[in-house]
Every structure is written in C-alpha cells, then in structure tokens.
Amino acid sequence: MQFFLNELKTVLRGLRARKGRSALTILGIVIGVAGVITIISLGAGAQSLILGQITKLGSNLLAIMPGKSNEDGPPAAAYGITITTLTREDAEALRDQIRFPHIMGVSGSVTGTATLLWRNLNVDTFFEAVEADSFSARNIEIASGEFINPTNINANVLVLGQDVKELLFGENDPIGELVKIKNIPFTVIGVAKPRGNVFFNNEDDKVYIPINIGQKQILGINYLQMIGIKVDAAANLESTITDIEQLLRERHNITNPEDDDFAVMNLADAVSLLTTITDALKMFLTLMAGIALLVGGIGIMNIMLVTVAERTREIGLRKAVGATNRSVRNQFLLEAGTLTFLGGIIGIIAGVVISYLVSLGARYAGLDWDFIISPISIILAVGVSILTGVLFGLYPAFKAAKLDPIEALRYE
Amino acid sequence: MLIKLENITKEYHNDDIATPVLKNINLSVREGEFLAIMGPSGSGKSTLMHIMGFLDRPTAGEYFFEGENTTNFTDDELARIRNERVGFVFQSFNLLPRTTVLNNVKLPLVYTHGKNIHGLAEKAIAAVGLGHRADYFTNQISGGEKQRVAIARALVNTPSVIFADEPTGNLDSKSGGAVMHILQELHRQGHTIILVTHEMDTAEHAERLIKIKDGMIMDDQPITARRIAEPDGAINK
C-alpha cells in the first residue's frame with residue numbers, strides 16, 4: 001500500500017510535469033466517456049418522455065382511420081386522398097356491448113383548423129369535433145366546467161384547450177362566454193387540463209366541439225376522420241382488433257382484406273416502434289462512443305510507448321536500485337490507469353453537463369423531459385475508462401518491464 | 001569474504017558468433033576494501049562491474065556474495081540484492097528529472113517497503129553535505145552536486161558495497177576531487193567501495209588496483225602512493 005501510494009504520488013507528479021501532453025492523451029477517453037454518459041442519459045430521458053406520452057394518451061387505445069394501412073407506406077389520407085366510408089354509424093355499431101364486451105369507450109371525431117373570435121380578439125387554432133363519450137376514450141381531463149356529453153351534443157358548445165384559454169381569456173374565467181368560429185357562436189362550457197405535447201403535437205392548442213356541429217356546420221361532411229377505441233385490458237387488444245375488422249368489413253361489404261377501406265391501429269405498437277427506433281439509435285451512438293474509447297485507448301498506448309522510450313534511462317536506473325520487473329510494469333500500468341481514470345472523471349462531468357443542457361433545451365422546447373443520470377452509467381464509465389488504460393497500457397508496460405537494465409542505462 | 005568470483009566467463013552472442021568479454025575471472029573482495037578496477041575501454045571492466053553488481057549474469061562460473069552462491073538467483077532475487085545490498089554511482093548521474101534531490105535519494109527505499117523513508121533519505125543527503133539542497137530540483141544543482149546526490153542515493157539503503165562507474169568522468173577536476181573525497185570518507189567509515197575507471201589519477205584514490213585487459217586480470221596490487229582528496233576537491237599525494 002505504501003508502495004502504491006508512493007508510486008501514485010510519483011505518477012501524479014510526472015503527469016503534472018507534462019500537463020499539455022497528458023491533457024491531449026486523455027482527450028479521446030474524455031470524449032468517449034462523455035459520449036457514453038450523454039447517450040445513456042438522453043436515452044433514458046427520451047424513453048421516459050415516450051412513457052409519459054403513453055400515459056397521457058391513455059393505455060390500451062386503438063385508432064380506426066379511413067383508408068387501408070399499407071405496410072409499405074403511410075395511409076391514403078396522408079396523400080390527401082379523402083375516404084368517406086367511415087361513419088358515425090360504424091362508431092355506433094362498435095358500442096354494441098354484447099358483441100364487443102372489451103370496448104370501454106368509442107369516440108368518433110373530425111378535426112380541422114379554425115379561427116376563434118372573442119370580442120375583438122382572435123386566435124388561429126385547431127378544433128376537434130368529438131362524440132359524447134370521448135372524455136373517457138381519449139383520456140382528456142377537465143380543469144373547470146364540463147366536457148361534451150349527451151345533453152349538449154347537439155348544442156353549439158365548446159371546450160377550450162389550456163393554451164387557447166390563456167391566449168383569449170388570460171386568468172379570467174371563460175365559462176359562459178360566447179366565442180365565434182366561422183361566425184357561428186359557441187358557448188364555452190369547459191377548459192381541458194394541460195396535456196403538453198403528444199408526439200410533437202401541442203395538445204393544448206385546440207378546442208373541442210360536438211361532433212354534429214363540427215361535421216355539419218363547420219366542415220360540411222358526414223364521415224369520420226378517426227374513431228378512437230378504449231379497450232379494457234392490453235391482453236384483449238389483438239382480439240378486439242380482429243373483431244373490429246370483421247365488423248367493419250361486414251358493414252362496408254368487403255370480402256377480401258386486401259380491399260379494406262379502413263385501418264385499425266394499435267397506439268402501443270406505434271410507441272413500441274418509437275422505442276425500437278430510439279433503442280437502435282442508442283446502440284448506434286454507444287457504438288460510436290465505443291469507437292471513441294478505442295481510439296482514445298490507442299492514443300494512450302501510443303503516448304505510453306513514447307513515455308517508455310523517453311524514460312528508458314529512468315527504467316534502467318529504477319531496476320539498478322532494485323525495482324523488479326513487476327514493479328516497473330505496475331508503475332506504467334498505474335500511470336496509464338491514472339490517465340484514463342482522470343479522463344473518465346472529466347468525461348463524466350462533461351457528459352452530465354451536456355445531458356443537463358440538453359434536458360434544459362428540451363424543456364424549453366416544451367417537452368416534458370426528465371434529466372436522468374443513472375449511477376450504473378457512471379460506474380460503467382469509470383470502469384471502462386480505467387480498463388481501457390490498463391488494457392492499452394499493458395503492452396507499453398510489459399515493454400518497459402522487459403528492458404535490460406544495462407542497455408536501458410546506456411540509452412541515449 | 002564479501003565477494004568471491006570463481007572462473008567467471010562472459011560471452012556476447014551476435015549472429016551465432018561468440019565474443020568473449022570476460023575470461024576465467026577469479027577475484028575476491030573483503031569487506032571494507034576500496035578497490036579500483038582499471039583498464040582501457042573494451043577491456044571488460046564495465047561488464048565485470050555489472051556482473052558484480054547483479055545488473056548482468058555471467059555465462060559461466062560462480063559468484064558468491066556474502067557467502068551465498070548467487071549464480072542461480074531469479075531476476076526478482078537479484079533485484080532484491082541490488083535494492084538492499086548494493087549501491088551504484090554512474091558516470092552520467094542518472095538522476096530523475098523534474099524531481100527533488102530528496103525524492104531522488106528516496107527512490108531505492110520506495111522498493112524496500114520500509115518505514116522512515118524520509119529520515120533515512122535526509123541522513124544520506126547530510127552525509128554527502130547537501131542538506132541545504134534537499135528540496136532543490138535536480139536541474140537546479142551543479143554537476144558535482146548531482147554526483148553527490150547519486151552517492152547519497154547509493155548510500156541510503158546502507159548497502160554492503162558501493163559500485164562507482166567512472167564517477168568523475170563527467171566532472172571538472174575540482175568537483176571530481178570533491179566526489180572522490182566523499183568516497184574516501186565513506187571508505188574510512190567502513191564502506192566497501194569498488195571503483196571502475198580508465199584513469200590512473202582516479203584509480204589511485206583506492207587502496208587496491210586491479211588492471212584488466214582483454215577480459216583478463218593482468219595485475220592485482222595494493223596502491224602504495226595513494227592520493228587523498230580534500231573536501232574542497234584539492235588532491236594531495
């Protein structure tokens with residue numbers, strides 16, 4: 001132990017004496033470790049963000065969209081092709097509790113843009129025209145007032161999203177106020193709780209109106225753009241999808257699934273797809289960080305070989321005064337390990353700072369981003385950095401240990 | 001007997017051609033002797049010193065050190081002997097750069113796992129008269145002082161024998177004289193000293209002179225007209 005401490009002191013003294021070179025030597029390790037820490041932190045942040053969005057959407061949700069979902073590409077609606085076959089009658093048929101015992105809620109909806117007018121203020125926003133029980137099917141919560149329900153489904157009423165409410169009314173209570181969309185007056189009956197961003201859509205920058213009003217008075221259509229379905233348990237999702245497909249094919253007179261004019265999508269699938277993408281990205285970036293560590297390790301090896309050559313006479317002298325091969329080897333391993341350990345520590349600090357800045361930026365951009373640093377990633381980073389030093393220090397250290405003392409002493 | 005060499009032979013092999021450097025050397029050194037080994041360059045005197053100092057191994061022959069046959073010692077055992085029972089002073093000082101005098105002198109003790117490293121090192125530095133330079137870096141002191149630091153380093157483990165390989169070779173005559181004075185002083189205190197040199201003037205500070213040529217001992221005589229070096233480096237005959 002005494003020997004180790006003495007050696008450590010010697011090593012630190014040596015490194016201090018060659019500050020510039022030591023700093024450049026560990027740069028690769030610093031970048032590699034900072035990369036690992038940042039990637040693991042950002043990955044954890046992104047995953048918690050996605051998990052948060054699942055919770056916001058509500059779990060066990062299905063969405064029925066008009067148009068066939070082509071596995072090779074996006075649904076027809078994405079190309080601007082309007083398919084009008086999905087109707088409120090379809091939604092009504094899904095409410096058959098005997099045929100669909102697992103469906104807890106059904107919500108047909110249409111959406112569009114709207115300019116809201118209140119007194120002399122106006123705001124451009126989106127509207128979503130929903131059926132009466134969307135409340136449960138869509139996980140929307142009410143901050144004040146009430147939501148669209150069977151008693152007001154045919155009235156010109158409107159529920160404000162949080163951002164719209166703040167833009168038009170500020171801190172004032174909007175309930176009972178009259179606002180106009182396309183010159184049609186609506187009575188504000190409620191304000192939804194903030195939901196934040198879900199898949200990069202601001203869910204607070206919108207208003208909710210009854211489906212009849214949205215279809216007939218604003219859009220002038222009689223079909224649905226989406227039916228949201230809430231299923232009682234995750235285990236029943238797959239069977240419910242099959243049942244829904246069967247029903248819609250019956251209703252739409254489709255015999256061949258190839259000719260489907262609708263698509264049933266599982267939101268959990270979309271989420272797991274996103275998770276797969278972020279995981280793949282994480283793997284890739286971790287690989288890059290690994291390569292940075294490898295390059296850093298080779299840098300360490302290179303500089304240690306230079307150091308061994310420069311200090312050949314010192315090695316000869318140390319052997320002459322009684323250093324064994326083992327103690328010479330350990331001295332250089334200790335030096336390489338100390339270098340990379342320092343690199344690891346600096347890398348961790350840099351990684352934590354970068355992760356924190358990214359989380360600040362993400363919050364500023366409105367994402368509900370958590371700053372997560374897992375202790376395991378820090379232990380891993382320290383371990384890997386020391387290991388890199390020792391591993392890449394082995395060859396130079398053995399080379400030093402094998403030097404012949406007489407030749408080493410004569411080395412010029 | 002401190003050192004006993006029996007039929008020591010050393011050959012270097014280069015592309016299967018054996019070059020003999022030492023041929024059947026027989027030599028004994030008693031405790032407390034001050035021995036000078038002299039010879040022209042290439043005579044084998046340095047190789048002889050390296051073998052006696054356990055830096056090198058003989059090709060054949062046996063080496064008894066303090067009564068032990070060291071011929072078959074392992075590398076680690078030889079390192080331990082070098083550490084505890086042998087001290088070296090080299091022509092080119094071989095001090096650690098960017099390191100203080102004190103830390104240079106401590107170096108052998110680092111490998112001994114010993115206690116009171118600090119006290120022993122300070123004692124050795126005082127013995128060569130450099131107490132006031134202990135905290136200087138080795139690039140801040142003169143050549144003569146450097147060699148005295150090297151002597152302190154050789155002394156610090158209280159070795160059985162000190163080898164000095166051309167200790168004055170890189171010094172002016174005055175600094176060289178001061179170094180020789182310290183070696184003579186250590187000898188007077190009872191240390192065994194083996195000096196390797198190619199200069200008669202330096203060799204004459206010893207008590208016994210061995211002349212070596214072409215790997216063989218040509219002459220082994222006591223020195224009658226011994227030189228005495230003064231602390232300031234002046235030499236009296």
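Residues numbered from 1 in each chain as written. Chains lettered and ligands numbered in written order. Predicted model: local features only at pLDDT ≥ 70, side-chain atom pairs only at ≥ 80, totals over all residues. Heavy atoms only, no water.

## A few points about the sheet that holds strand β2 (residues 17-29) of chain B
Residue and element names in this part refer to chain B.
Reasoning step 1: Strand order across the open sheet formed by 4 strands is β2-β1-β4-β5, with antiparallel pairing between neighbours. The strands lining the two open edges of the sheet, one partner per strand, are β2 and β5 (68-69).
Reasoning step 2: Relative to strand β4 (residues 60-65), strand β1 (residues 3-14) runs antiparallel, the two being bridged by 5 bridges. Each bridged residue has a counterpart across the sheet, and for Glu6 the counterpart in β4 is Glu62. (Pairing = 2+ DSSP bridges. Helix = DSSP H or I, 4+ residues; strand = E, 2+ residues; numbered from the N terminus.)

## Thoughts on the interface of chain B and chain A
Reasoning step 1: With 23 residues of chain B at the interface, the matching set in chain A holds 24 residues.
Reasoning step 2: Buried surface at the junction of chain B and chain A, summed over both partners, amounts to about 2,100 Å²; 60% is from carbon and sulfur atoms.
Reasoning step 3: Its largest share of buried area at the contact with chain A, chain B owes to Leu55, Arg98 and Tyr111 of chain B, together 27% of the area lost on that side.
Reasoning step 4: Here chain B and chain A share 1 salt bridge between them.
Reasoning step 5: The salt bridge partner of Asp76 of chain B is Arg326 of chain A, with a shortest N-O separation of 3.4 Å.
Reasoning step 6: On inspection of chain B and its partner chain A, the count reaches 6 residue pairs in polar contact (both at pLDDT 80 or more).
Reasoning step 7: Of all the secondary structure elements, the ones that give two or more residues to the side of chain B that touches chain A are α2 (75-85) and α3 (101-110) of chain B.
Reasoning step 8: If you tally residues by element for the side of chain B that touches chain A, the top one is α2 of chain B, at 5 residues.
Reasoning step 9: Residue composition of the side of chain B that touches chain A, by class: 10 nonpolar, 7 polar and 6 charged. (Contact = heavy atoms within 4.5 Å. Buried area = accessible area lost by both parts, 1.4 Å probe. Salt bridge = Lys/Arg side-chain N within 4 Å of Asp/Glu carboxyl O. Polar contact = N/O pair within 3.5 Å; in protein donor to acceptor, adjacent residues only side chain to side chain. Nonpolar A, V, L, I, M, F, W, Y, C, P; charged D, E, K, R; others polar.)

## Let's talk about the packing of helix α10 (residues 325-364) of chain A against helix α11 (residues 375-402) of chain A
All names here are of chain A.
Reasoning step 1: Remark: α10 packs on α11, axes separated minimally by 7 Å, with the N-to-C direction vectors making an angle of 150°. Classed by the angle they form, the pair α10 and α11 counts as roughly antiparallel. Along this stretch, α10 crosses α11, giving a crossing that reads as right-handed.
Reasoning step 2: Classifying every residue of the contact of α10 with α11 by side-chain character gives 16 nonpolar, 7 polar and 1 charged. (Axes fitted to C-alpha atoms, helices over the stretch in contact; angles between N-to-C directions. Parallel < 35°, antiparallel > 145°, perpendicular 65-115°, else oblique. Left-handed = near helix turned anticlockwise from the far one by under 90°.)

## Here we look at the sheet that holds strand β8 (residues 192-197) of chain B
Residues and elements named next belong to chain B.
Reasoning step 1: In space, the 6 strands of this open sheet follow the order β6-β7-β8-β3-β9-β10, with mixed pairing throughout. Each having just a single partner strand, β6 (86-89) and β10 (216-222) make up the two edges of the open sheet. Averaged over all pairs of adjacent strands, the angle between strand axes in this sheet comes to 20°, irrespective of strand direction.
Reasoning step 2: Here α2 sits on the sheet and contacts β6 and β7 (161-165); the angle it forms with β6, its principal contact strand, is near 75°.
Reasoning step 3: Lying over the sheet, helix α5 (residues 143-155) contacts β6 and β7, oriented at roughly 170° with respect to β6.

## Thoughts on the UniProt feature "domain: ABC3 transporter permease C-terminal" (unreviewed entry) in chain A
Reasoning step 1: The feature "domain: ABC3 transporter permease C-terminal" (unreviewed entry), as annotated in UniProt, sits at residues 287-405 of chain A in this numbering.
Reasoning step 2: Its end C-alpha atoms 42 Å apart, residues 287-405 of chain A is made of 86% helix and 0% strand. (UniProt positions renumbered as here; feature names shortened; annotations may be inferred.)

## Let's talk about α11 of chain A
In an α-helix there are 3.6 residues to a turn, and that puts residues three or four apart on one side.
Reasoning step 1: Relative to the 40 Å expected for 28 residues at 1.5 Å per residue, α11 of chain A spans 40 Å between its end C-alpha atoms, a close match to the ideal helical length.
Reasoning step 2: Taken together, the buried positions of α11 of chain A are Ser377, Ala381, Val382, Ser385, Thr388, Gly389, Phe392, Gly393, Pro396, Ala397, Ala400 and Ala401 of chain A. (Expected span 1.5 Å × (residues − 1). Buried < 20%, exposed > 50% of the residue type's maximum accessible area, 1.4 Å probe, protein only.)

## Some words on the domain arrangement of chain A
Reasoning step 1: Each domain of chain A was delimited in the assignment, giving domain 1 (2-54 + 272-410) and domain 2 (84-260).
Reasoning step 2: Its C-alpha centre places domain 1 of chain A at a distance of 54 Å from the equivalent point of domain 2 of chain A. (Domains from an automatic or database assignment.)

## Digging into the nonpolar core
Reasoning step 1: Ranked by size, the top nonpolar core spans 64 residues in total, and within it Ile3, Leu5, Leu48, Met52, Phe163 and Ile194 of chain B carry the most contacts.
Reasoning step 2: Per element, the largest residue contribution to this core is 7 residues, and it comes from α10 of chain A.
Reasoning step 3: Discounting residues that sit within four places of it in the chain, Met52 of chain B has contacts with Ile3, Leu5, Leu27, Ile37, Tyr63, Phe163 and Ile194 of chain B.
Reasoning step 4: The next biggest cluster of nonpolar side chains, apart from the first, holds 56 residues, and it includes Ile64, Ile218, Ile241 and Ile244 of chain A. (Core = buried A, V, L, I, M, F, W, Y, C linked by side-chain atoms within 4.5 Å.)

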